[in-house]
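Analysis of the macromolecular model
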Amino acid sequence: MTTDDELIATAWEVRENAYAPYSNFHVGAALLAGDGKIFPGCNVENISYGLTNCAERVAIGAAIAAGARSFEKVVVVADTAQPISPCGACRQVLAEFGVKTVILANRMERVEFSLEELLPRASTGILDRP
Ligand code: THU
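Summary of the structure given here.

Calculation notes
- Residues numbered from 1 in each chain as written.
- Predicted model: local features only at pLDDT ≥ 70, side-chain atom pairs only at ≥ 80, totals over all residues.
- Heavy atoms only, no water.
- Phe/Tyr/Trp six-rings, centres within 6.5 Å; stacked < 30°, edge-to-face > 60°.
- Helix = DSSP H or I, 4+ residues; strand = E, 2+ residues; numbered from the N terminus.
- Buried < 20%, exposed > 50% of the residue type's maximum accessible area, 1.4 Å probe, protein only.
- Pairing = 2+ DSSP bridges.

The next thing to look at is the packing of aromatic side chains. Counted according to the given criterion, the structure contains 2 aromatic pairs. Here Y22 and Y49 contribute two aromatic rings whose centre-to-centre distance is 5.8 Å and whose plane-to-plane angle is 35°, an arrangement assigned as tilted. Linking Y22 in the loop between α1 (4-15) and β1 (28-33) with Y49 in the loop between β2 (38-42) and α2 (55-65), this pair joins segments that are 27 residues apart in sequence. You can call Y22 partly exposed: its relative accessible area is 34%. Seen in terms of ring centroids, F71 and F97 are 6.4 Å apart; in terms of plane orientation they differ by 85°. Their pairing is edge-to-face.

In structure tokens, the structure reads:
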């Protein structure tokens, strides 16, 4: 069984690889798939700013490319005073792949949300297709 501590440790580790020369804001993520595999991701910035990929979406991309299709939770870490919270785009992408739980951590604390809390009614309509 993968523990939240393991996911958080993975997220801190991959945060070291963040490519964030524009914001200098380094983020790490660790995505837990249904079969127990962990997919790490870090933010990958671009000079256009708009083409920046957040750590969460990089983790999702790596997992999908590796063939994973079911997911339990994602951990996101940053060295901030308050744990950070995923942007709207990432919430939508996490909803696309049925990620249920989002754990946000800084050096001192962790907070847990359901994705439903962060993006209510995501599966109503568009994702709730026949
Ligand atoms: N960022 C993430 O990677 N994940 C988040 O949840 C929030 C923001 C990144 C995007 C950008 O590279 C930098 O943090 C500043 O917004």
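Attention shifts here to the pairing of β1. It is a general feature of regular strands that their side chains alternate between the two faces of the sheet. Counting buried residues along β1, 6 of its 6 residues qualify, which places the element largely inside the surrounding structure. Burial of the side chains of β1 extends over both faces: G28, A30 and L32 are buried on one face and A29, L31 and A33 on the other. Strand direction decides the pairing type here: β1 and β2, joined by 5 bridges, are antiparallel. Note on β2: the bridge partner recorded for A29 is G41.

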